[in-house]
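Structural characterization, general
What follows is each chain in one-letter form.
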Amino acid sequence: MLARETDRRPHDYWNHALLESLRARMNQATNVYERMYFMFELAQESLNANELEQSVELFEEFFKLQQKHDPNYSKADLADLQMNLAVARLRQGEQANCIAHHNPASCLFPIANEGVHANPEGARLAMELLEMVLKEKPEDLQARWLLTVAAMAKGGPPSDEARQWLLPEDLFASDYD
């Protein structure tokens with residue numbers, strides 16, 4: 001009974017409950033900017049709810065609409081959008097590889113040897129997006145961390161230009177080996 005009476009909107013971890021409502025609001029939007037607002041919210045909540053395909057599709061559609069209708073979108077906001085899309089892509093790669101190619105090394109960090117993704121597409125796409133983020137925000141430690149994880153998952157470094165943003169390997173050395 002309490003669950004039915006609880007207002008789910010203020011709870012960050014009830015994302016699935018929000019998806020239907022946000023989709024309806026997006027579809028009922030009266031102008032492109034209102035639609036974009038709800039599209040971004042729906043993409044973010046889809047990511048939080050682990051609905052990765054939907055999240056990627058919505059973030060990419062939002063990006064296209066943003067370029068068409070708001071070309072003055074700030075570079076910082078664009079970097080945030082790219083960061084969200086990179087997280088979704090990296091998670092897609094993680095799920096595809098850890099489920100389809102699971103082995104004892106799949107869950108170990110740092111990612112190496114048998115833990116490297118057999119299908120590196122998600123990691124590769126995430127790396128491309130993270131490189132764009134880091135060109136605008138080179139000091140962004142979250143983007144640097146994710147770029148490093150994506151490079152490990154892919155089994156190889158990013159572009160020559162992006163190597164400068166990888167975190168040093170000695171940060172991942174165990175004190176107990």
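As shown above, the structure is provided for reference.
What counts as what
Residues numbered from 1 in each chain as written. Predicted model: local features only at pLDDT ≥ 70, side-chain atom pairs only at ≥ 80, totals over all residues. Heavy atoms only, no water. Salt bridge = Lys/Arg side-chain N within 4 Å of Asp/Glu carboxyl O. Helix = DSSP H or I, 4+ residues; strand = E, 2+ residues; numbered from the N terminus. Buried < 20%, exposed > 50% of the residue type's maximum accessible area, 1.4 Å probe, protein only. Phe/Tyr/Trp six-rings, centres within 6.5 Å; stacked < 30°, edge-to-face > 60°. Expected span 1.5 Å × (residues − 1). Polar contact = N/O pair within 3.5 Å; in protein donor to acceptor, adjacent residues only side chain to side chain. Core = buried A, V, L, I, M, F, W, Y, C linked by side-chain atoms within 4.5 Å. Contact = heavy atoms within 4.5 Å.

**Observations regarding the pattern of salt bridges**
- This model, assessed by the stated rule, comprises 8 salt bridges.
- Note that Glu 121 and Arg 124 form a salt bridge whose closest N and O atoms lie 2.7 Å from each other. With Glu 121 and Arg 124 both in helix α6 (residues 121-136) and 3 residues apart, the pair spans about one turn of that helix.
- On the basis of relative accessibility, which here comes to 36%, the residue Glu 121 falls in the partly exposed class.
- Residues Asp 160 and Arg 163 are paired through a salt bridge, measuring 3.3 Å at the closest nitrogen-oxygen approach.
- Through salt bridges with shared partners, a single ionic network connects Asp 80, Lys 137 and Asp 140.

**Thoughts on the packing of aromatic side chains**
- Evaluated as defined, the whole model comprises 6 aromatic pairs.
- When the centroid spacing of 5.5 Å and the interplanar angle of 35° are considered together, the rings of Phe 109 and Trp 145 count as tilted. Note that Phe 109 is positioned in the loop between α5 (75-100) and α6 and Trp 145 in helix α7 (residues 141-154), a separation of 36 residues in sequence.
- Relative to Phe 172, the ring of Trp 145 lies with its centre 5.7 Å away and its plane at 50°, an arrangement referred to as tilted. Of this pair, Trp 145 sits in helix α7 while Phe 172 sits in the segment after α7; the two residues are 27 residues apart in sequence, bridging distant segments of the chain.
- Exposure remark for Phe 172: the relative accessible area of 17% places this residue in the buried category.

**Observations regarding helix α3 (residues 32-48)**
- Its 17 residues give α3 an end-to-end C-alpha distance of 24 Å, which sits within 8% of 24 Å, the value for a rise of 1.5 Å per residue.
- Sitting at the head of α3, Asn 31 places a side-chain oxygen 2.9 Å from the backbone nitrogen of Tyr 33.
- In the stretch just after α3, Asn 50 is the one whose phi turns positive, near 65°.

**Notes on the nonpolar core**
- Grouped together as the largest cluster of nonpolar side chains are 44 residues, with contacts concentrated most on Leu 90, Leu 130 and Leu 147.
- Of all the elements in the fold, those that place two or more residues in this core are α2 (15-27), α3, α4 (52-69), α5, α6 and α7.
- For this core, the leading source of residues is α7, giving 8 residues.
- Leu 147 has contacts with Met 127, Leu 130, Glu 131, Leu 134, Pro 158, Ala 162, Trp 165 and Leu 166, leaving out every residue within four places of it along the chain.

Just geometry here; none of it tells us what the structure is for.
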